[in-house]
Structure formats: C-alpha cells, structure tokens
Amino acid sequence: MSISAPDFPNARAELRLPDDVSAPALARHTVQDLLGSLPAPLRAQLSLVASELVTNVLRHCAATDPAATLTVAVAPDRVTLTVADAGAGFDPENLPGSDDPAGGWGLQVLDAIADRWRVERDGRTRVICEIDR
C-alpha cells in the first residue's frame, strides 16, 4: 500500500517496531514504500529522519513494553513522522553535543531536515517531526 496526499488527503499508517537492529532499516523502507508517490528527495529526507529517530530509541531506551511505534501521517501541506516509545524521554533544550564523529548526530540531522519538531510526554515519549510539502 502506498499513501499520498492527492489520493488520501489525511492518510495515516502506524508500524510497531521490532526491538532490534533491524528497526531503522524497516522504518526507512516503510517510509519509502508508503510514500512512493511523493517526490524522491522528500522521501529520502523522511526516510533518513525515520531511521535516525528509530536508532535513537534503540540507543537510549531499554526494551520497551509496549513496543516503539512509527506513525506516518500525510496531509496536503506536510508529512508528519512520530516515533513513540515507553522511555523516560529527554529535554531537547538540554542535550549535550556529540564528541563522537561516528554517532550521536540523530537529533542534529532531525533539526537540519525538519521544518518543525517537538517532544511530547504523557506516559509515552513521542518525537514528532513535520516536513512541509
């Protein structure tokens, strides 16, 4: 199934993520497949953001119950990616910089690509990213 704004003006899909190293690739491929009718550069950006957010869940959260989820929502003016998990969350205003050239860049990538992003907590932590179309 592929979702796109012209065909489904308010389409939404949710994926339960495995708690292992296959999750980032699954997130990337799911975004590419679901959003196949969107322009390739936008799909590439969304796939990268999804992969980085899911990688952060794997790196910073213990095994969670319920499992982490990736939600993709398409509206005529934007695509929203949400990654939710049962972790304690974080304060984006107080994050240390990364001293490791091999990792720790996920939120910087998110900040560079997303038009808007935020963290919400209410028993689960959600990182919500919006990219305008």
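What you see is a predicted model; the values in this text were computed from it and never measured. (Residues numbered from 1 in each chain as written. Predicted model: local features only at pLDDT ≥ 70, side-chain atom pairs only at ≥ 80, totals over all residues. Heavy atoms only, no water.)

**Regarding the overall build of the protein chain**
Move 1: What the protein chain contains, in helices and strands, is three helices and five strands.
Move 2: Its helices and strands taken in sequence order, the protein chain reads β-α-α-β-β-α-β-β from the N to the C terminus.
Move 3: In the protein chain, once contacts between residues fewer than 6 apart in sequence are set aside, the share between residues at least 24 apart is 66%.
Move 4: As displayed, the protein chain offers around 7,200 Å² of accessible surface, 52% of which is attributable to carbon and sulfur atoms. (Helix = DSSP H or I, 4+ residues; strand = E, 2+ residues; numbered from the N terminus. Contact = heavy atoms within 4.5 Å. Areas by Shrake-Rupley, 256 points an atom, 1.4 Å probe, with all protein chains shown as cover.)

**A short note on the packing of helix α1 (residues 23–34) against helix α2 (residues 40–60)**
What describes two packed helices is the angle between their axes and the distance between those same axes.
Move 1: The contact between α1 and α2 brings their axes to 8 Å, and the two run at 155°. Taken as axis vectors, α1 and α2 run roughly antiparallel relative to one another. Read as a crossing pair, α1 and α2 show a hand that is right-handed. When α1 is examined against α2, the residues A23, P24, A27, R28, V31 and Q32 are found in contact with a partner set consisting of R43, A44, L46, S47, A50, S51, V54, T55 and L58.
Move 2: Of the residues that constitute the contact of α1 with α2, the class distribution is nine nonpolar, four polar and two charged. (Axes fitted to C-alpha atoms, helices over the stretch in contact; angles between N-to-C directions. Parallel < 35°, antiparallel > 145°, perpendicular 65-115°, else oblique. Left-handed = near helix turned anticlockwise from the far one by under 90°. Nonpolar A, V, L, I, M, F, W, Y, C, P; charged D, E, K, R; others polar.)

**Regarding the environment of P76**
Move 1: Among the secondary structure elements, P76 is positioned in the loop between β2 (69–75) and β3 (78–85).
Move 2: Judged by relative accessible area, which is 54%, P76 ranks as exposed.
Move 3: For the pair P76 and A11, spaced 65 residues apart in sequence, the C-alpha separation works out to 9.7 Å. (Buried < 20%, exposed > 50% of the residue type's maximum accessible area, 1.4 Å probe, protein only.)

**Observations regarding the pattern of salt bridges**
Move 1: By the definition in use, this model includes seven salt bridges.
Move 2: Ionic pairing is found between R78 and D77, a salt bridge with its closest N-O pair at 2.9 Å.
Move 3: Exposure remark for R78: the relative accessible area of 28% places this residue in the partly exposed category.
Move 4: One salt bridge in this structure joins R78 and E130, with 3.5 Å as the shortest N-O distance. Of this pair, R78 sits in strand β3 while E130 sits in strand β5 (residues 125–132); the two residues are 52 residues apart in sequence, bridging distant segments of the chain.
Move 5: Assessed through its relative accessible area of 12%, E130 is described here as buried. (Salt bridge = Lys/Arg side-chain N within 4 Å of Asp/Glu carboxyl O.)

**Let's talk about the environment of L17**
Move 1: With respect to the helices and strands, L17 occurs in the loop between β1 (11–16) and α1.
Move 2: Residue L17 is classed as buried on the basis of its relative accessible area, which comes to 6%.
Move 3: For the pair formed by L17 and T69, sequence separation is 52 residues and the distance between their alpha carbons is 5.4 Å.
Move 4: With sequence-adjacent residues up to four places away left out, L17 is seen in contact with A23, V54, A67, A68, T69 and L70.

**Focus on the packing of α2 against helix α3 (residues 106–113)**
Move 1: In contact at an axis separation of 9 Å, α2 and α3 are set at 150° when each is read in the N-to-C sense. Judged by the angle between their axes, α2 and α3 are roughly antiparallel. The element α2 and its partner α3 pack so that their crossing is left-handed. For the pair α2 and α3, the contacting residues are Q45, L48, V49, E52, L53 and N56 in the first and G106, L107, V109, L110 and I113 in the second.

So far we have only geometry, and geometry alone does not tell us how the molecule works.
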